[in-house]
Amino acid sequence: MCKVMVDLGTESYEILIGTKLTENIRTFVLQASFSKTVLVISDNNVGTLYGNALLDLLKQAGFQAEIIFVVPGESSKSLTVADGIYTKAIELGLDRKSPIVALGGGVVGDLAGFVAATYMRGVPFIQIPTSLLAQVDSSVGGKVAVNHRLGKNLIGAFYQPSAVFMDLDMLKTLPNREIYTGLAEIIKYGIIYDQDFFSYLDQHAKKILALESTVLAHIIHRSCEIKAEVVSQDEKESGLRIILNFGHTLAHAIESETNYEVYNHGEAVAIGMYGAARLSWKLGLIHSTDVELVKNMLEKFHLPIKAQQCTVDGLFKSIFHDKKAVNGKVKWVLIESIGKVRTMTDIADDLVKEVMSEII
Ligand code: NAD
Ligand code: ZN
């Protein structure tokens, strides 16, 4: 078992990574000064697999524990679903010290976190992320949100959990495609922050894809460490945190152009990272061999580098609607060398369009 400490100055919490974490969860909930009613939020897939074991654990620890199942998928990240959870929370008599537990992927984590941040102006929040993406990305950093019909993640908050428990065994039931999705964000951490980590991923690809537990624990641990380091320097996203957006400008455009139906997030990020690598090369920041390194790595982990059903015009219009575009300008995160990125604005439209034509 390994740990990552997230230290935000005013508050800090621990991420625990390992297997058989039952005892750790029990000890944590018993030591915290929580009220005795707990609300677990999960989706039908994850809740069916792991819900009962968690409820039993909480009940044995003396809690009155209830679970709410939401429909798997992005549509559950809505104010309507959140409203249903508020109703249940009020009916159950949850008070300001009653914890809300997220048991699921990023959808459940974002939704449950949003409810925890807003119900009674904030109640304790525990994350048990069960997808690889949720373990290395969405459960770390404190961003919680629901979607609005006019855009993703538009209604949200920064709200840190009290603790995060990541059980590696749960990844065994995760579909392969979801494993690759998480790996895209893991590759991102290597590119933006840690060249040695990038090489490690390359050298251990087979073991990673076989979900070998020591290797898996290492890459999840290092990913959480990198995200925690970046976030602790810039919790509210005014500076350094932008580097986490590497590959995401194009990814969001691809997701929106394909109505979120063709690619899942990690796949869109993979294509976006390849595009950002090509743009970095065209601007003379990196050598063509670096672009090849990025491309080979993505392909090794079964990730796409080209987006079907997109047009240059569509993608180009879309990048200006991104949440991270400020005053109509796109801030690109580009590679300086593997392990180091920089930002740049005012890149010539023609160059951006040229790269877009190469990734469709
Ligand atoms: P998800 O929550 O939809 O999970 C993917 C699928 O895997 C679902 O069908 C789910 O039921 C299933 N699943 C999850 N764990 C499983 C397990 N152990 N066994 C079997 N099936 C399992 O999607 P996701 O990729 O985990 O997260 C995507 C969401 O995360 C998006 O809404 C995105 O906006 C959000 N996100 C948030 C942040 C943040 O900082 N808050 C960062 C990145 C992504
Ligand atoms: Zn992402």
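Because the structure is predicted, anything quoted here is derived from the model rather than measured.

What follows concerns the site of ligand 1. As a structural note, the neighbourhood of ligand 1 is formed by 29 residues, with N45, G105, G106, S131 and S138 the closest of them. Per-class residue counts for the shell around ligand 1 are nine nonpolar, 13 polar and seven charged. In terms of domain composition, the shell around ligand 1 takes at least three residues from each of domain 1 (2-173) and domain 2 (176-358).

All right, on to the UniProt feature "binding site: Zn(2+)" (unreviewed entry) in the protein then. As recorded in UniProt, the sites labelled "binding site: Zn(2+)" (unreviewed entry) are E185, H248 and H265. Spanning 81 residues, the annotated positions come together in the fold, the maximum distance between their C-alpha atoms being 10.2 Å. With respect to the element layout, H248 can be found in helix α10 (residues 248-257). If sequence neighbours within four positions are ignored, H248 has contacts with V269 and G272. Using a count of 23 C-beta atoms within 10 Å as the deciding quantity, one classes H265 as buried. Not counting residues within four places of it along the chain, the set of residues in contact with H265 comprises T181 and E255.

The phi dihedral of N153 falls on the positive side, at around 55°, and the residue is not glycine. Structurally, the position occupied by N153 is in strand β8 (residues 151-158). The class for N153 is partly exposed, based on 15 C-beta atoms found within 10 Å. Positive phi, close to 55°, is recorded for D346, a residue that is not glycine. Residue placement: D346 occurs in the loop between β11 (340-344) and α14 (349-358). The class for D346 is exposed, based on 8 C-beta atoms found within 10 Å.

With that out of the way, let us pick up the pairing of strand β2 (residues 12-18). Along any regular strand the residues' side chains alternate between the sheet's two faces. Bridge count for strand β1 (residues 2-7) against β2 is six bridges, and the pairing is antiparallel. Counted as the bridge partner of D7 is S12 from β2. Hairpin connection, β1 to β2: the antiparallel pair is bridged by four residues, and G9 has positive phi, about 85°. Relative to strand β9 (residues 163-167), β2 is paired through five bridges, and the arrangement is parallel. Within the sheet, the bridge partner assigned to I17 lies in β9 and is M166.

A few words now on the packing of helix α6 (residues 176-193) against helix α7 (residues 195-203). For the pair α6 and α7, the least separation of the axes is 6 Å and the interaxial angle reads 140°. Judged by the angle between their axes, α6 and α7 are oblique. Here α6 and α7 pass one another in a crossing that is left-handed. Between α6 and α7, the contacting residues are I186, I187, Y189, G190 and I191 on the first element and F197, F198 and L201 on the second. A class-by-class count of the residues in the contact of α6 with α7 yields seven nonpolar, one polar and no charged.

What counts, and at which threshold
Residue indices follow the written sequence of each chain, beginning from 1 at its first position. Ligands are numbered from 1 and chains lettered from A, in the order in which they are written. Totals for whole chains, interfaces and linings use every residue, but because this is a predicted model, local features are given only for residues with pLDDT of at least 70 and side-chain atom pairs only at 80 or more, for both listing and counting. Nearness here is judged by the C-beta atom: place it from the backbone, and if it falls within 6 Å of a molecule or strand, the residue counts as near that partner. In this count, Pro and Cys sit with the nonpolar residues alongside Ala, Val, Leu, Ile, Met, Phe, Trp and Tyr, while Asp, Glu, Lys and Arg are called charged and the others, Gly among them, polar. A domain assignment, automatic or from a database, supplies the domain bounds used here. UniProt positions are given in the numbering used here, feature names are shortened, and annotations may be inferred rather than shown by experiment. Labels follow the DSSP assignment, with helices taken as runs of H or I lasting at least four residues and strands as runs of E lasting at least two, numbered in each case from the N terminus. Whether two residues are in contact is decided by their C-beta atoms, placed from the backbone, lying within 7 Å. Labels follow a simple rule on C-beta atoms placed from the backbone: if 20 or more others lie within 10 Å of a residue's own, it is buried; if 12 or fewer, it is exposed; otherwise it is partly exposed. Here the rule is simple: two strands pair whenever DSSP picks up at least two bridges between them. Lines fitted to C-alpha atoms define the axes, with helix axes restricted to the stretch in contact, and inter-axis angles between N-to-C directions lie between 0 and 180 degrees. Comment on the angle field: the value is read as roughly parallel under 35 degrees, roughly antiparallel over 145, roughly perpendicular from 65 to 115, and oblique elsewhere. For any pair of crossing helices, the crossing counts as left-handed if the nearer helix is rotated counterclockwise from the farther one by less than a right angle, and right-handed if it is rotated clockwise.

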